[in-house]
Amino acid sequence: MPEMPEVQGLVDFLGARLNGLEITQARITAISALKTYDPPIESLVGARVETVARRGKFVDIATDAGTHLVFHLAKAGWLRWYDTLPTTVIKPGRSAIALRVGFADGSGFDLTEAGTKKSLAVSVVREPADVPGIARLGPDPLDPGFTRDTLATLLAGRRTQIKGVLRDQSIVAGIGNAYSDEILHVARLSPYALAATLDADEIDTLYTATIDTLRDAVEAASGRPPAELKDAKRRGMRVHGRQGEACPVCGDVVRSVFFADNSLEYCATCQTGGKVLADRRLSRLLK
């Protein structure tokens, strides 16, 4: 799933190319992806792009018509950029393409979604906050106003696992499964540690790990075309997606805990005092 750094990479890429360009076509080919009906998506045609911004994991393309094209790539969505947009006809239901947008200079992009579980979301709204997912976003960790005390306040009283807190978009915006693994590894914290039990030193460490990890990942994504962002993300991971490989810090093996539709990765030596967390798939098999 694209998270803050990859989404910021997309925003930087699109902003450098689209600002001031007129939208010449906007066509939904997977009706399930379109989450709004007023304004209609056709109202984007003829408008010019004013800004491209990131809001959590959402991309927000604002136009001079007072409308915003907002999309969230979910778990299996992606953006495919073309310097020259193809003219081939897209047949609904027979392509991974959910949305095609074209611009006056002939460029454009498709939003695609792999797999059968369709979660990609496209909205055309008058204000970004009209998108429910944006309206409920917590503070952005890379906002200058996000301080160590901001994080401490967010954690206070939460008797929930820190991994889940970092992933909860209503608490902290933009962090998902991958970067929460990375942040917790850098902070040397167990993903199962309860947020409310972290002491002052652990909050200091978690704050620094959060900011440094995300800034480094955003820097690595900056300037890359969309086709390169996924591979750049994978290459930058220390533990996420690296089950069975050596921890880059201590050399212990990276381990996984599997859930219904995802997994977390961690290093027992660095994060849990050597304790191996139970693999829930294996636990069920042993019952």
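As a reminder, the structure under discussion sits directly above these lines.
Here the structure is a predicted model, which is why all the values come from computation and not from measurement. (Residues numbered from 1 in each chain as written. Predicted model: local features only at pLDDT ≥ 70, side-chain atom pairs only at ≥ 80, totals over all residues. Heavy atoms only, no water.)

J.: It is not clear to me how the overall build of the protein should be interpreted in this structure. Could you clarify?
T.: Of regular secondary structure, the protein possesses nine helices and 10 strands. Over its C-alpha trace the protein gives a radius of gyration of 20 Å, about what one expects of a compact globule, namely 19 Å for 287 residues. Oriented by its inertia axes, the alpha-carbon framework of the protein measures out at about 60 × 40 × 35 Å. By the burial criterion, 51% of the 287 residues in the protein qualify as buried. By sequence separation, contacts in the protein at least 24 residues apart represent 65% of the contacts at least 6 residues apart. On the protein, roughly 13,500 Å² of surface is accessible, and the fraction owed to carbon and sulfur atoms is 51%. (Helix = DSSP H or I, 4+ residues; strand = E, 2+ residues; numbered from the N terminus. Rg over C-alpha atoms; globule rule 2.2 N^0.38 Å. Buried < 20%, exposed > 50% of the residue type's maximum accessible area, 1.4 Å probe, protein only. Contact = heavy atoms within 4.5 Å. Areas by Shrake-Rupley, 256 points an atom, 1.4 Å probe, with all protein chains shown as cover.)

J.: I keep staring at the side chain of glutamate 6 and nothing clicks. Help me out?
T.: You can see glutamate 6 is positioned in helix α1 (residues 4–18). By relative accessible area, glutamate 6 is classed as buried at 4%.

J.: Mind showing me how you'd approach helix α5 (residues 177–187) here?
T.: It helps to recall that an α-helix has 3.6 residues per turn; residues three or four apart then point in one direction. Of all 11 residues making up α5, 10 are buried, and the element is well covered by its neighbours. Where α5 is buried, its residues meet α1, α4 (162–167), α6 (200–221), α7 (226–236), β10 (263–267) and α8 (268–271). Just downstream of α5 lies arginine 188, where phi reads positive at about 60°.

J.: Is there a simple way to explain the packing of α5 against α6 in this structure?
T.: Each pair of packed helices can be described by the angle between their axes along with the distance between the axes. Contact geometry for α5 and α6: axes closest at 8 Å, N-to-C directions at 130°. Here α5 lies oblique to α6, going by the angle between them. As α5 packs across α6, the resulting crossing turns out to be right-handed. Along its contact with α5, which presents Tyr179, Glu182, Ile183, Leu184, Val186 and Ala187, the element α6 presents Thr205, Leu206, Ala209, Thr210, Thr213, Leu214 and Ala217. Per-class residue counts for the contact of α5 with α6 are nine nonpolar, three polar and one charged. (Axes fitted to C-alpha atoms, helices over the stretch in contact; angles between N-to-C directions. Parallel < 35°, antiparallel > 145°, perpendicular 65-115°, else oblique. Left-handed = near helix turned anticlockwise from the far one by under 90°. Nonpolar A, V, L, I, M, F, W, Y, C, P; charged D, E, K, R; others polar.)

J.: How do you make sense of the sheet that holds strand β4 (residues 68–72) when you look at a structure like this?
T.: Note on sheets: strands pair through backbone hydrogen bonds, and any given pair is parallel or antiparallel. Within the open sheet, the four strands sit side by side as β2-β3-β4-β8. Their pairing is antiparallel. If you trace the sheet from one side to the other, it starts and ends with β2 (49–55) and β8 (121–125), each paired once. This sheet shows a mean twist of 15° between the axes of neighbouring strands, independent of strand direction. Pairing of strand β3 (residues 58–63) with β4, which is carried by five bridges, proceeds in the antiparallel orientation. If you follow isoleucine 61 over to β4, its bridge partner there is leucine 69. Sheet contacts for α1: β2, β3 and β4; angle to β2, the most-contacted strand, approximately 175°. (Pairing = 2+ DSSP bridges.)

J.: Explain the packing of aromatic side chains to me, please; I cannot follow it from the model alone.
T.: The relative placement of two aromatic rings is captured by the distance of their centres and the angle of their planes. The tally for this structure, following the rule as stated, stands at four aromatic pairs. Between the aromatic rings of phenylalanine 71 and phenylalanine 109, the centroid separation amounts to 6.0 Å while the plane-to-plane angle is 50°, which identifies the pairing as tilted. You can see phenylalanine 71 sitting in strand β4 and its partner phenylalanine 109 sitting in strand β7 (residues 108–113), a full 38 residues away along the chain. For phenylalanine 71, a relative accessible area of 0% corresponds to the buried category. By relative accessible area, which is 0% here, phenylalanine 109 ends up buried. (Phe/Tyr/Trp six-rings, centres within 6.5 Å; stacked < 30°, edge-to-face > 60°.)

J.: Help me understand the pattern of salt bridges, please; the structure alone is not making it clear to me.
T.: Any two side chains of opposite charge can pair, so long as their charged atoms come close to each other. Applying the stated criterion across every chain, the model contains 13 salt bridges. Across the pair glutamate 6 and lysine 233 runs a salt bridge, and its minimum N-O distance is 3.7 Å. Within this pair, whereas glutamate 6 is found in helix α1, its partner lysine 233 is found in helix α7, the two being separated by 227 residues in sequence. The network of salt bridges with shared partners includes Glu3, Glu6 and Lys233. (Salt bridge = Lys/Arg side-chain N within 4 Å of Asp/Glu carboxyl O.)

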